[in-house]
Amino acid sequence: MADTYTFDAKDLAEIKKITDKYPEKQAAVLPVLWYAQDKFGHTDSSVQQLVAGTLGVPEAHIRGVVSFYTQYYENPMGRNVLDVCTCLSCQVCGGYDMLHYIEEKLGIKAGETTPDGEFSLQSVECLGACGYAPMLQVTNDKFVNHLTREKVDKLIDDLRAGKQPEFESNPMPQHEKGS
Amino acid sequence: MPEIFIDNKRYEFEEPGKVLQFMLDNGLDLPFFCYHPSLSIPANCRQCMVKAGMPVYDREKGTFEIDENGERVIRFFPKLMTACSLDLADGMVVLTHHTDELVKQAQADNLEFILINHPLDCPICDQAGECPLQILTYKYGPEGSRFEHKKVHKPKAIQLGPRVILDAERCINCTRCVRFTDEISKTHQLTIISRGDKNYPMTAHGQIFDDPYSLNTVDICPVGALTSADFRFKARVWEMNQTPSIDISNGKGCSTWMWTRDNLVMRVTPRFNEAVNDHWMPDAGRLAYRRFNENRISKPQLRLDDAEQVRTSWNNAQLTLLEELEKISAGDILVIGSAHASVEDNYALRTFFSNKGVSEFRFLPHIIPGSGDGYLISDDQAPNTNGVRALGFQETDEKTLIKLIKSTKPKMIVILDDDLLGRTSLTPDHLSGAWTIVFGTNHDETTRTANLVVPVTTAAEHAASYVNVDGRIQRTVPAKETLYTNRRLNLEMSMGRLDHYGTKFDNWVTDANRVDCISAWEFFIRLEHDGDAPKWESSRQIMEEIAGLFSTFRQVSYDRMDEENGIQLKLEQDTEVKPA
Amino acid sequence: MNNDWKSYQPLLVPAIPDLHDISVYEKNNGYQALKKILSDAKTWNPANVINEVKTANIRGRGGAGFNAGLKWSFMPEPDGKPRYLACNGDESEPGTFKDRKIFEFNPHQFIEGAIIAAYAMQIEVIYVYIRGEYRPFVQKLQRAIDQAYEKGYLGKNILKSKFSVEMYTHMGAGAYICGEESSLMESLEGKRGYPRVKPPFPAQRGLWGRPTTINNIETLANVPLVMNHGADWYLAIGPSTHPGPVLYGISGHVNRPGVYEYPAGMNIMTLINEVAGGVRGGKKLKALIPGGSSTPPLRADMLEGVTMDSDSLRQAGSMMGTAGMVVLDEDTDMVELIWRISYFYDHESCGQCTPCRDGTGWLEKTLRKIKDGNGEMRDLDLLLAICYRMEGRTICALADAAAWPVRYSIDRFRDEFEKKCKKTVYAVA
C-alpha cells in the first residue's frame with residue numbers, strides 16, 4: 001500500500017463543510033478522523049499526521065485523541081471488524097458464548113485478525129442494543145441483533161461474499177401489538 | 001478585609017485566589033502533585049483535598065447564623081474539595097489534615113491509589129531524594145499497600161527526545177509535562193495517550209521531543225517518569241551542593257541553581273524569578289554546565305618566542321605583562337572588554353588600563369539575529385552586553401575592529417574572556433603584529449593564539465554581576481572551588497552535608513577538579529609591583545565602587561541583588577564616568 | 001398504580017407509521033408547539049417558555065433527573081456572543097437503548113424540543129452529540145434535520161420570525177465518559193474526553209468558554225408535549241415529583257425485551273411481568289438493575305410495590321438512572337455480573353484523576369480474583385474499602401458509578417460472594 005495518504009480536493013471540500021460547523025478548527029478533530037478512517041480504513045500514524053496537517057492541530061493532540069476513543073483504528077484492521085458486545089445485558093444473554101463461537105469459527109482470539117485479513121474480532125463494551133442481546137456491530141456500522149450460531153454463520157458467509165448486513169429496525173413492542 | 005479560617009486560625013486575604021496557593025503563600029502545608037503555580041489547574045491528582053464550608057447567612061436578619069456556643073454555623077460542602085481549584089471566599093472555613101480525620105484519611109487513601117501502579121524502585125530511581133511522591137508518601141501516605149495484584153506495565157526508558165527519557169510506569173498522570181508544552185513552551189509536542197490506568201505521556205508517532213525547553217518537564221515531573229538524559233545516574237541529590245546562580249549562556253540571564261559535587265557542576269536547573277524566567281529555563285543553558293568542568297585553562301600559559309605555549313607561574317605571568325607594558329606607550333594598547341565577562345572584571349580591566357593612560361575601550365557584542373525566540377532565548381549570546389555598554393566600553397563590530405587593527409597597528413592587544421577568533425572573522429594574522437594577552441576560562445582559538453593566557457574564573461567560581469538583555473543586574477555566587485578558594489573559609493560559598501561532615505573518604509577529594517585560576521580583577525590587584533594596580537578586597541567592594549561612579553549602577557549592591565533577586569537598571573541614562 | 005397503563009398511548013414515540021418523515025410528523029400536530037411560540041412571541045417570550053418547562057418539572061432523562069426548566073434558567077443573560085445547546089445522545093450507560101428509538105421513529109419531536117429549548121435560552125447553535133456506535137441512527141437523525149432545514153424549522157429566520165438556530169450532529173468515537181456533560185463538551189471541542197472541574201458550571205463556562213446547556217435527547221423530546229398541552233397536563237402524567245412519559249428500556253432475562261413507553265412511576269413488577277412478559281423460561285426473578293449499570297441492583301424481594309420514579313427507587317435503595325432496566329433471573333451469577341460491570345468501568349475510566357483511574361482497576365482485579373475462585377473473605381472488606389475511597393473524591397461521577405454496583409451488591413448478595421471466597425483460616429496464637 002502507498003505510504004502516502006492525502007486528501008484530494010473533494011475531501012478538502014467535505015472537511016471544509018465539517019470545520020464550518022464549529023467556531024474552532026480543533027472541534028473538527030473527531031469528525032475529520034471519522035472521515036479519514038472511512039477513506040483509509042484506519043487512523044494510523046500517517047493518517048494522524050495528515051489530519052493534523054489539514055486542520056492545523058498539533059500531531060500529538062491527534063494521537064492523544066485517537067488513542068482515547070476505541071472506535072478509531074490505530075492500526076489497520078481486517079476488512080470486516082466484528083465488535084461483539086459482552087457487557088451486562090449481552091453478558092447475561094450469551095454474549096460470551098457468541099464471542100467464543102466466533103473465535104472458534106474464525107480460529108482467532110478476540111483482539112486478533114484472521115491471517116487472510118478478512119476479519120478482526122473484538123470484545124466490546126455496551127453498544128446500546130441491550131434489548132436485542134446478544135448482538136454485534138460490523139465495522140462501526142450496522143448492528144446484528146439476537147445473535148444465534150446460525151445467524152453468525154450466515155453473517156460471516158455474507159461478509160466473506162462482500163455482502164454487508166442490512167439495517168435491522170427494532171420497533172417498540174407496543175407498536176407491534178398495535179394497541 | 002475578607003477573611004478565611006484555616007484549621008481554626010484566621011487569615012486575611014486581599015486578592016482573589018485559590019485556597020492551595022494561599023496556604024502555600026502563608027507557609028502552610030498541604031500535599032499536592034498536579035498543581036503548579038504557572039500552569040492551568042486540572043485538579044486531577046486529587047491529593048490536596050480539604051474540607052471546606054461557608055457560614056450560613058440569615059438574609060432576613062442580615063447576620064450570620066450563630067449556634068448555641070456563639071460560633072458561626074458552617075455549612076460544609078458535601079464532598080471534600082481540592083484546595084487547588086477552590087476559590088478563596090470571605091468567611092470560608094477550611095479544615096486540613098491537621099484538624100480533620102476525614103481529610104487525613106482521604107490524603108492517605110489517595111496516596112494508596114497513586115502508589116498501586118507506581119513501581120517501588122526508589123533505590124534505582126533518579127528522582128529519589130527530590131521526589132514529591134516519595135516525600136509526600138512518607139509524610140501523608142498509608143503505612144503499607146493492600147494491593148496484591150500485578151501492576152499495570154508500560155514502556156520504560158523511552159528516549160522521548162535528545163534530552164528527556166520517559167519511564168511511563170512511574171508516571172502518575174499529573175499532566176504537568178503536557179500542560180507545559182501546551183501553555184508555556186507552546187510546542188504542543190506532548191499528549192497523554194490511551195485511557196484509564198494505561199495512560200501515559202507521549203509524543204506524536206515518530207516525533208522527537210526536541211522542544212528547546214524540554215528539560216523543564218523533568219523539573220516539574222513530580223515523580224521519576226521524566227528524567228534528564230544527561231544527568232541521569234550521575235549523582236544523587238543528597239550528594240550535591242545547591243548554589244544560586246544565573247544562566248550565562250545567553251542574554252536573558254535566567255536565575256538558576258548550580259548543583260555541584262566534588263567541585264564539578266553536575267547540572268543546572270532553573271530558580272524561580274518572577275521578573276526574568278518564572279520557573280523555567282532553556283535546555284541550552286542547562287547543558288552549558290559542561291564549560292565549567294571541561295576544557296578549562298588551569299595555570300597561566302606563556303608563549304616564548306614563536307614556540308608553543310607553556311605553563312608558567314602566576315608570578316612570571318604578572319612580570320611578563322609588566323615588562324611588555326614597559327616597552328610601549330598607552331597609545332599602542334588596544335583593550336577589548338567582553339560581554340561574556342562580568343561587570344566587575346570589565347571594570348577592573350578598564351580601571352587598570354585607564355591608570356596606564358588608555359582612554360578607549362572597545363567590545364564586540366555577540367548577537368546572532370534570529371537565534372532567539374522572544375521568550376527565554378535571546379539573540380544575544382552573551383550574558384552581560386548591557387553591563388559592558390554601561391561601563392562605557394565602545395560597541396564595535398568586527399569589520400571596524402579589523403580596520404582599526406590594520407590602521408593603528410597596536411603593539412599590545414588585551415582581550416577579556418571572549419573567543420573573538422572563534423566567532424568572528426578575526427584571524428591570527430590580524431593579531432600577529434601585537435603582543436596579545438587573553439584572559440580566558442576555556443581553551444579556544446583565541447587563547448591558543450595568545451602570547452600570554454591568564455586563566456580566569458567562570459560564573460561557577462566567582463561572585464560577580466551581569467546585566468541581562470532587559471537591563472536587569474543579577475549576580476552569581478561561587479559554586480565550585482578554585483585552587484585558591486575554600487568552601488569553609490569563603491563565606492560566599494554554600495555548604496552541603498558532605499562539606500560539613502565529609503571526610504577524605506567522601507567525594508570531595510579530587511584536587512584536579514579545582515582549577516588553577518583567579519578572577520580577572522584579582523589578577524590586576526596582584527600586579528603589586530606596579531603602582532597603577534588597583535586595590536580591592538572583593539568583588540563586592542568593586543561593585544560598591546562602581547555604584548558610586550556610574551549613575552546606571554547607582555544603589556546597586558550585592559545585598560540588594562540578593563534580596564530582590566536582581567535589580568532593574570535604567571539603561572537610558574548617561575553612562576559617563578563621574579569623577580569619584 | 002392502577003391499570004391505566006394498558007390504555008396508555010405513547011407520546012414520545014407514538015405508534016404512527018413513518019412518523020420519522022417530516023410530512024407525517026407535521027400531519028400529526030408536529031412543529032405546532034414551535035409555531036405556537038413563534039407566532040405569539042409576546043405570550044411565549046423566552047422567560048415564559050422556561051417557566052412553563054420548569055413548572056412541568058421534566059426530570060432529566062439522562063440519569064441525574066434534574067428539572068430541565070430549572071437547568072435552563074441557569075443560563076446568564078445573553079451578551080451578544082455565542083451560547084450553545086448540546087444535546088446528549090451519547091447513551092452509553094450499559095442497559096440503556098432508548099434515545100435511538102427517538103432518532104429512528106420520532107426524530108422531529110426531539111428536534112422541535114431542541115429548537116424550543118434554544119429559543120428559550122436564546123441560543124443560536126445546537127450540537128447533537130451521538131455516540132459513534134450509533135452511526136446508523138446518526139444518519140437517520142441527520143436526514144430529519146435536513147428535512148427540518150428544508151421546511152424552514154431550522155436555519156435563519158425560522159418561520160419568518162427573528163429567531164435563527166443551526167443544528168449540527170457530532171459523532172463520538174467510543175468513550176462512555178463522553179456521556180458526562182463536561183466530558184461531552186471536551187469531546188465536542190475535539191479533545192480527549194476528560195471531564196472538567198466544576199465550578200465553573202457549563203451555564204457559566206461551557207463550550208469554547210461560552211454559556212452552554214446540555215440536555216438529554218429524551219428530555220428534549222418531552223418539551224413539545226409540555227408546550228402543546230401545558231405544564232398542568234404534563235404534571236398529571238405519572239407522579240408529580242417525577243412526571244411525564246418515560247422510555248423504559250427492558251433487557252436481560254425477560255420474554256419480551258425492548259423499549260416501552262409508559263408514564264413515569266410504573267410498578268416495577270408490572271413492567272417485568274406484564275409489559276415485558278415475565279422472566280424468561282419461567283424462571284424466578286433474582287434481581288433488577290433499575291436504571292443502567294451504575295444504579296445499585298435490587299434483590300427481587302426488595303421490589304415489592306416499588307415504582308419507577310426517583311422517590312420510590314431511592315427509598316428502595318437504588319436510583320432511576322436512565323430507566324434502562326436489566327432483569328436478572330435466578331441463575332445469574334452475581335459475582336460474574338458485578339465483575340463484568342467493574343471491567344466496564346475500568347475500561348471506560350478516562351484516567352484523568354487518581355481515585356477513579358487506579359480504583360476502577362483495583363476493583364476489577366479484586367473481583368476477577370474472587371470470580372476465578374482465588375478470593376479470600378478479606379477481599380470483600382477490601383472491595384468495600386476501595387469503594388468508599390473512590391466515592392465523592394473525583395472530578396466526575398464515574399468513580400461513584402463504578403463503586404455503587406460493587407458496594408451494594410456485596411451488601412445485597414453477600415452470600416454469593418462469600419461462597420466464591422476461600423475460607424482462609426489464619427492461626428491466632
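Not measured: the values here are computed from a predicted model.

Some points on the overall build of chain C
- Across its full length, chain C holds 17 helices and 9 strands.
- Expected size for 429 residues packed as a compact globule is a radius of gyration near 22 Å; at 22 Å, chain C falls within 12% of this value.
- Sorting the 429 residues of chain C into buried and exposed places 61% on the buried side.
- A separation of at least 24 residues holds for 71% of the contacts in chain C among residues at least 6 apart in sequence.

Overview of the overall build of chain B
- From N to C terminus, chain B includes 18 helices and 27 strands.
- Here the C-alpha coordinates of chain B stretch approximately 95 × 60 × 50 Å along the principal axes.
- Across the 580 residues that make up chain B, the buried fraction comes to 47%.
- In chain B, the proportion of contacts linking residues at least 24 apart, taken out of those at least 6 apart, comes to 65%.

Remarks on the interface of chain C and chain B
- Contacts between the two partners involve 24 residues from chain C, matched on the other side by 25 residues from chain B.
- Taken together, the elements giving at least two residues each to the side of chain C that touches chain B come down to helix H13 (334–348), helix H14 (354–371) and helix H15 (377–390) of chain C.
- Of all the elements, H14 of chain C adds the most residues to the side of chain C that touches chain B, at 9 residues.
- Per-class residue counts for the side of chain C that touches chain B are 7 nonpolar, 10 polar and 7 charged.

Re the nonpolar core
- Counting residues in each nonpolar core, the largest one holds 339 residues, and the members touching the most others are Met-135 of chain A, Val-50 of chain B together with Ala-86, Ala-114, Ile-116, Ile-126 and Tyr-248 of chain C.
- With 10 residues, helix H6 (residues 107–121) of chain C is the single largest residue contributor to this core.
- Contact partners of Ile-126 of chain C, with chain neighbours within four places excluded, come to Leu-85, Cys-87, Ala-114, Ala-118, Val-165, Glu-166 and Met-167 of chain C.

Structural notes on the sheet that holds strand E13 (residues 226–228) of chain B
- What the 3 strands build is an open sheet, ordered E9-E10-E13 (chain B); its pairing is antiparallel. Two strands lie at the open edges of the sheet, namely strand E9 (158–159) and E13 of chain B, each paired on one side alone.

Some remarks on the interface of chain C and chain A
- Counting from both sides, the interface comprises 56 residues of chain C and, opposite them, 43 residues of chain A.
- Mapped by element, the contributors of at least two residues to the side of chain C that touches chain A are helix H5 (99–105), helix H7 (135–150), strand E3 (166–171), helix H8 (181–188), strand E5 (245–252), strand E6 (258–263), strand E9 (324–329) and H13 of chain C.

A few points about the domain arrangement of chain C
All names here are of chain C.
- Under the domain assignment, chain C is made up of domain 1 (3–235), domain 2 (245–329) and domain 3 (334–420).
- Each of domain 2 and domain 3 has a C-alpha centre, and the two are 23 Å apart.
- Contacts between the two partners involve 5 residues from domain 2 and, on the opposite side, 8 residues from domain 3.
- Here the side of domain 2 that touches domain 3 is composed, by residue class, of 2 nonpolar, 2 polar and 1 charged.

Here's the deal with the packing of helix H2 (residues 32–39) of chain C against helix H9 (residues 217–229) of chain C
Residues and elements named next belong to chain C.
- Put simply, H2 and H9 touch, their axes get as near as 8 Å, and they point 55° apart. Taken together, the axis directions place H2 and H9 in an arrangement best described as oblique. Taken as a pair, H2 and H9 cross one another with a handedness that is left-handed. Of H9, the residues touching H2 (which contributes Gln-32, Ala-33, Lys-36 and Ile-37) are Pro-224, Met-227 and Asn-228.
- A class-by-class count of the residues in the contact of H2 with H9 yields 4 nonpolar, 2 polar and 1 charged.

Re the sheet that holds strand E20 (residues 361–363) of chain B
Residues and elements named next belong to chain B.
- Strand order in the open sheet formed by 8 strands is E18-E17-E24-E23-E22-E19-E20-E21, with mixed pairing between adjacent strands. Each having just a single partner strand, strand E18 (309–311) and strand E21 (394–395) make up the two edges of the open sheet.
- Pairing geometry for strand E17 (residues 301–303) and strand E24 (residues 452–455), over 2 bridges, is antiparallel. Directly across from Gln-301, in E24, lies its bridge partner Val-453.
- Seen against the sheet, helix H9 (residues 343–355) touches strand E19 (333–336), E20 and strand E22 (412–416) and runs at an angle of roughly 160° to E22.

A closer look at the pairing of strand E4 (residues 212–216) of chain C
Residue and element names in this part refer to chain C.
- Counting buried positions along E4 gives 5 out of 5 residues, so the element sits mostly inside the fold.
- Side chains Thr-212, Ile-214 and Asn-216 project from E4 onto one buried face, and the interleaved Thr-213 and Asn-215 project onto a second face that is buried too.
- As paired elements, strand E1 (residues 84–89) and E4 share 5 bridges and run parallel to each other. Looking across to E4, one finds that Asn-88 is bridged to Asn-216.

A closer look at helix H2 (residues 29–40) of chain A
- Over its 12 residues, H2 of chain A extends 16 Å from the first C-alpha to the last, a length consistent with the 16 Å expected when each residue adds 1.5 Å.
- Taken together, the buried positions of H2 of chain A are occupied by Val-29, Leu-30, Pro-31, Val-32, Leu-33, Trp-34, Ala-36 and Gln-37 of chain A.
- Here the buried face of H2 of chain A lies against helix H1 (9–19), helix H3 (45–55) and helix H4 (59–68) of chain A together with E3 and H8 of chain C.
- Downstream of H2 of chain A by one or two residues, Gly-41 of chain A has phi in the positive range, about 90°.

Topic: the domain arrangement of chain B
- Assigned domains of chain B: these are domain 1 (3–111), domain 2 (117–228) and domain 3 (301–458 + 516–554).
- On a C-alpha basis, the centroid separation for the pair domain 1 of chain B and domain 3 of chain B is 59 Å.

Points about the environment of Phe-180 of chain B
All names here are of chain B.
- With respect to the helices, strands and loops of the structure, Phe-180 is situated in helix H4 (residues 176–184).
- With 27 C-beta atoms counted inside 10 Å, the residue Phe-180 sits in the buried group.
- Between the alpha carbons of Phe-180 and Pro-410 there is a distance of 53 Å; along the sequence they are 230 residues apart.
- Ignoring sequence-local partners within four residues, the contact set of Phe-180 consists of Leu-39, Ser-185, Asn-216, Thr-217 and Ile-220.

What about unusual backbone geometry?
- Here Ala-133 of chain A and Pro-134 of chain A are connected by a cis peptide whose omega angle stands at -10°.
- With respect to the helices, strands and loops of the structure, Pro-134 of chain A is situated in the loop between strand E2 (119–124) and strand E3 (136–138).
- Going from Lys-198 of chain C to Pro-199 of chain C, the amide bond is cis rather than trans, its omega being -5°.
- For Asn-140 of chain A, which is not a glycine, the phi torsion comes out positive at approximately 60°.
- With respect to the secondary-structure elements, Asn-140 of chain A resides in the loop between E3 and strand E4 (143–144).
- Given 20 C-beta atoms within a 10 Å radius, Asn-140 of chain A is considered buried.
- The phi dihedral of Asn-565 of chain B is positive, around 60°, even though this residue is not glycine.
- Relative to the helices and strands, Asn-565 of chain B resides in the loop between helix H18 (558–564) and strand E27 (567–568).

What about the packing of H9 of chain B against helix H17 (residues 539–549) of chain B?
All names here are of chain B.
- The contact between H9 and H17 brings their axes to 10 Å, and the two run at 70°. With respect to their mutual orientation, H9 and H17 come out roughly perpendicular. Between H9, through Val-343, Glu-344, Tyr-347 and Ala-348, and H17, the contact on the second element is made entirely by Ser-539, Ile-542, Met-543 and Ile-546.
- When its residues are assigned to classes, the contact of H9 with H17 shows 6 nonpolar, 1 polar and 1 charged.

Side note on the confidence of the model for chain B
- This prediction gives chain B a mean pLDDT of 94; 97% of its residues lie at or above 70.
- Overall, residues 573–580 of chain B carries pLDDT values under 50, and its contacts beyond four positions in sequence, including any with other chains, amount to 14 contacts.

Focus: the pairing of strand E3 (residues 49–55) of chain B
Residue and element names in this part refer to chain B.
- For E3, the tally of buried residues reaches 5 of 7 residues, placing the bulk of the element in the interior.
- Sheet topology places E3 next to strand E7 (residues 81–82); 2 bridges connect them, and they run antiparallel. Across the sheet, residue Met-49 finds its bridge partner in E7, namely Thr-82.
- In terms of strand pairing, E3 meets strand E8 (residues 92–95) through 3 bridges, oriented antiparallel. Counterpart to Ala-52 in the pairing with E8 is Val-94.
- Pairing geometry for E3 and strand E6 (residues 74–76), over 3 bridges, is antiparallel. Looking across to E6, one finds that Gly-53 is bridged to Phe-76.

Examining H2 of chain C
Residues and elements named next belong to chain C.
- The set of residues buried in H2 consists of Ala-33, Leu-34, Ile-37 and Leu-38. Buried residues in H2, looked at end-on, bunch into an arc of 125°, giving them a common side.
- Buried residues along H2 sit in contact with helix H3 (46–56), H6 and H9.

Definitions and cut-offs
- Residues numbered from 1 in each chain as written.
- Chains lettered and ligands numbered in written order.
- Predicted model: local features only at pLDDT ≥ 70, side-chain atom pairs only at ≥ 80, totals over all residues.
- Helix = DSSP H or I, 4+ residues; strand = E, 2+ residues; numbered from the N terminus.
- Rg over C-alpha atoms; globule rule 2.2 N^0.38 Å.
- Buried ≥ 20, exposed ≤ 12 C-beta atoms within 10 Å, placed from the backbone.
- Contact = placed C-beta atoms within 7 Å.
- Nonpolar A, V, L, I, M, F, W, Y, C, P; charged D, E, K, R; others polar.
- Core = buried A, V, L, I, M, F, W, Y, C linked by C-beta atoms within 7 Å.
- Pairing = 2+ DSSP bridges.
- Domains from an automatic or database assignment.
- Axes fitted to C-alpha atoms, helices over the stretch in contact; angles between N-to-C directions.
- Parallel < 35°, antiparallel > 145°, perpendicular 65-115°, else oblique.
- Left-handed = near helix turned anticlockwise from the far one by under 90°.
- Expected span 1.5 Å × (residues − 1).
- pLDDT = per-residue confidence, 0-100.
- Arc of directions from axis to C-beta.

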